[in-house]
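Architecture at a glance
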Amino acid sequence: MEEIKKITIQSGVGKFGDNEDKIDNIELKMGQVVSIVGPTGSGKTNLINDIALFANRNTPSNRRVLINDALPPSEYIEDPSKNPVSYITQHTNFLSDLPVYKFLSIHAKIRNGHSNNDAVVEETLDFANKLTGEPINKDGSMTALSGGQTRSLLISDAVVIGNSPIILLDEIENAGIHRTRALELLRNYKKIFIFVTHDPRITLLSDFRVIMKNGAIQNLITTNENEKKAVLTIKNIDDLMLELRMLIRDGQYINPQFIRSKIVHCLSTIDGSGSGSDKNQDFSDVPDFHNIHNVQNVQNVQNAQNAQNIQNIHKELN
Amino acid sequence: MKVIVCAGPPTSGKTTVLKQVIKKLLKKNCVPSYLKIDVQFADEDQLFASEFNIPTKKIYSGDLCPDHCNVIVLGDAITWAQNNNSEILLVETAGLCLRCSPYIEHSLGMVVLEATSGANLPRKIGPMLTLADVAVVTKIDLISQAEREVFRANIYNAAQVPVIETNALHGINIDYIMRIIDKMEEIKEPSQLRGNPPIGTCTICVGKKEIGKESHFGVLRPLESDIFYRGE
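These numbers come from a predicted model, not from an experiment.

A few points about the packing of helix H1 (residues 14-27) of chain B against helix H7 (residues 174-183) of chain B
Residues and elements named next belong to chain B. Taken N-terminus to C-terminus, the directions of H1 and H7 make an angle of 65°; their axes are 10 Å apart at the nearest point. Here H1 runs over H7; the crossing is right-handed. Along its contact with H1, which presents Val 17, Gln 20, Val 21, Lys 24 and Leu 25, the element H7 presents Ile 174, Asp 175, Ile 177, Met 178 and Ile 181. Tallied by class, the residues present in the contact of H1 with H7 amount to 7 nonpolar, 1 polar and 2 charged.

Structural notes on the pattern of salt bridges
Considering all chains together, one arrives at 30 salt bridges over all chains under this definition. Across the salt bridge formed by Lys 24 of chain B and Asp 175 of chain B, the nearest N and O atoms sit 2.8 Å from each other. One end of the pair, Lys 24 of chain B, is in helix H1; the other, Asp 175 of chain B, is in helix H7, with 151 residues separating them in the sequence. Between Asp 133 of chain B and Arg 194 of chain B there is a salt bridge whose closest N-O contact spans 2.9 Å. One end of the pair, Asp 133 of chain B, is in the loop between helix H5 (127-130) and strand S6 (134-138); the other, Arg 194 of chain B, is in the loop between H7 and strand S8 (218-220), with 61 residues separating them in the sequence. Members of the salt-bridge network, linked through shared partners, are Arg 179, Asp 199, Arg 201, Lys 235, Asp 238 and Asp 239 of chain A.

Considerations on the interface of chain B and chain A
Contacts between the two partners involve 17 residues from chain B and, on the opposite side, 23 residues from chain A. Here chain B packs against chain A, burying approximately 1900 Å² in sum over the two surfaces, 56% of which is carbon and sulfur. Of all residues in chain B, the largest losses of buried area upon contact with chain A belong to Gln 145, Glu 147 and Glu 149 of chain B, amounting jointly to 28% of the total for that side. Counting across the chain B and chain A interface gives 1 salt bridge. Among the ionic pairs, Arg 111 of chain A bridges to Glu 149 of chain B, the shortest N-O distance being 2.8 Å. For the pair chain B and chain A, the number of links is 2 residue pairs in polar contact (both at pLDDT 80 or more).

Observations concerning the sheet that holds strand S2 (residues 33-38) of chain B
Residue and element names in this part refer to chain B. In space, the 7 strands of this open sheet follow the order S3-S2-S4-S1-S5-S6-S7, with parallel pairing throughout. Both edges of this open sheet fall to strand S3 (56-60) and strand S7 (163-165), since each of them pairs with a single strand only. When strand polarity is set aside, the average angle formed by the axes of neighbouring strands in this sheet is 20°. As paired elements, strand S1 (residues 2-7) and strand S5 (residues 108-114) share 4 bridges and run parallel to each other. The residue of S5 that forms the bridge with Ala 7 is Val 111. Its contacts with the sheet place H1 against S1, S2, strand S4 (88-93), S5 and S6, and it is angled at close to 170° to S4. The strands touched by helix H6 (residues 145-158) are S5, S6 and S7; relative to S7, the strand with the most contacts, the crossing angle is about 160°.

Concerning the domain arrangement of chain A
Accessible area lost during the coming together of the parts is what is often quoted as the interface size. Residues and elements named next belong to chain A. If you check the domain split of chain A, you get domain 1 (6-223) and domain 2 (226-317). The interface is formed by 12 residues belonging to domain 1 together with 11 residues belonging to domain 2. Each partner contributes to the roughly 1100 Å² buried at the junction of domain 1 and domain 2, and carbon and sulfur atoms together form 57% of this total. At the boundary of domain 1 and domain 2, one finds 4 salt bridges. The closest approach of N and O atoms between Arg 209 and Glu 227, which form a salt bridge, is 2.7 Å. Listing elements by their share of the side of domain 1 that touches domain 2, those giving two or more residues are helix H6 (179-188) and helix H7 (200-204). Counting residues per element, the side of domain 1 that touches domain 2 draws most heavily on H7, which supplies 3 residues.

So, how was this worked out
- Residues numbered from 1 in each chain as written.
- Chains lettered and ligands numbered in written order.
- Predicted model: local features only at pLDDT ≥ 70, side-chain atom pairs only at ≥ 80, totals over all residues.
- Heavy atoms only, no water.
- Axes fitted to C-alpha atoms, helices over the stretch in contact; angles between N-to-C directions.
- Helix = DSSP H or I, 4+ residues; strand = E, 2+ residues; numbered from the N terminus.
- Left-handed = near helix turned anticlockwise from the far one by under 90°.
- Contact = heavy atoms within 4.5 Å.
- Nonpolar A, V, L, I, M, F, W, Y, C, P; charged D, E, K, R; others polar.
- Salt bridge = Lys/Arg side-chain N within 4 Å of Asp/Glu carboxyl O.
- Buried area = accessible area lost by both parts, 1.4 Å probe.
- Polar contact = N/O pair within 3.5 Å; in protein donor to acceptor, adjacent residues only side chain to side chain.
- Pairing = 2+ DSSP bridges.
- Domains from an automatic or database assignment.

So this is what it looks like as structure tokens:
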């Protein structure tokens with residue numbers, strides 16, 4: 001089979017048919033990580049569906065997807081072992097109640113055509129365990145996995161056993177997986193990763209992002225150097241929230257002084273005194289952390305909640 | 001005229017697939033006739049008649065098994081559809097006992113299976129799958145890629161048929177079914193059942209209610225050994 005070098009999305013229309021994509025051709029090259037962003041109902045999932053189905057003016061969006069500048073071969077759809085796309089949707093789930101190890105072995109056997117797959121199954125489990133906080137019991141049933149474990153295993157199965165060159169991930173942030181680590185680990189595998197996401201960290205760790213609205217593609221933004229630096233700050237804010245969550249789950253009291261010290265650390269990553277940033281850099285287009293709760297148009301509930309939480313922390317500190 | 005026989009377990013998505021097929025046919029100005037064969041309840045004929053304004057009919061198989069009922073009424077149904085000037089007759093049937101198949105020669109046999117029904121389904125449904133011309137897998141968006149692949153591999157292990165994976169609710173991949181319909185042959189008379197029907201009628205079918213092999217004759221089987229025949 002021909003090696004996949006790039007995917008091209010040729011423009012179509014958004015909802016109601018009179019709202020055209022504003023970018024004629026979007027090219028995704030092998031090795032790139034791309035995010036699709038936009039409010040709920042903006043057509044993110046439809047766009048990712050178009051890619052998964054190799055749309056050829058036959059989906060509601062009327063888009064067309066090309067592989068290496070040509071229509072994809074029909075064997076992509078007719079033969080599952082040749083389909084280069086793995087797609088993990090928001091409702092994707094495991095229904096099998098087989099033990100994890102046995103299930104992965106069956107999948108590996110189908111993919112590789114032989115039954116000696118212990119190494120690849122071990123690698124899959126190992127990768128999944130790096131993505132999730134809770135180690136997966138390989139002799140346990142698939143259906144007994146937690147939400148985070150399921151997502152981790154779905155991803156690692158697609159990457160390692162499936163070895164698909166194109167991986168589509170729809171809102172993985174909603175299940176407890178390590179996002180920064182996931183992005184780092186995924187980049188080690190040379191694939192095209194496309195995330196539908198509301199998560200700033202995943203978005204800014206991507207090479208570029210496609211902006212969606214009313215079903216149509218609005219813009220394509222390449223992540224700039226300042227944004228890449230902001231990832232560290234976002235990670236620290238995120239980690240603070242996670243840490244607070246863990247403390248509360250653990251039955252502990254929350255100490256405002258602890259939060260203050262963490263926020264001071266977050267701030268230091270913006271003004272350049274913290275680790276990993278350059279003091280002389282111009283950060284003018286980095287969102288001001290102090291005003292984060294004033295951000296208008298916070299579309300996403302998760303973001304709104306985070307903003308609310310941060311606002312509460314400010315009140316607490318004052 | 002072309003005849004498409006669509007079979008599949010209850011709730012597998014046969015009606016949803018056919019709805020999408022009918023939409024595409026009507027776009028090409030091809031008005032099909034639709035026959036639904038079910039055991040005791042079906043309202044698809046009314047749904048299709050009101051939504052698409054096409055000729056529809058419904059048959060309850062009652063005491064007959066639905067697949068056999070299908071074979072028996074199909075002669076009349078072909079005449080009915082021809083009288084409607086339809087280019088295509090769509091037959092939707094709920095094959096139930098999984099021992100025979102409803103497909104006839106010179107037709108398109110289409111089995112509809114839901115991806116969520118468990119990876120072993122393809123091994124369980126016998127001639128409904130093995131004698132089909134195409135297997136349509138529905139609800140693919142609900143299960144993992146891995147299970148999709150296992151499900152599909154199990155279909156290929158059971159039968160040499162092309163598989164089309166669809167999300168019929170959203171009309172996804174229906175185009176591939178349409179390509180097959182475009183290329184399929186016209187019905188030729190006399191047409192007959194594709195597979196061999198099961199081995200025979202048993203005495204329970206004719207009304208004997210006692211349990212135990214001693215009370216019956218014809219083809220029988222004990223718990224611990226294979227089938228045998230008692231009678232003349």
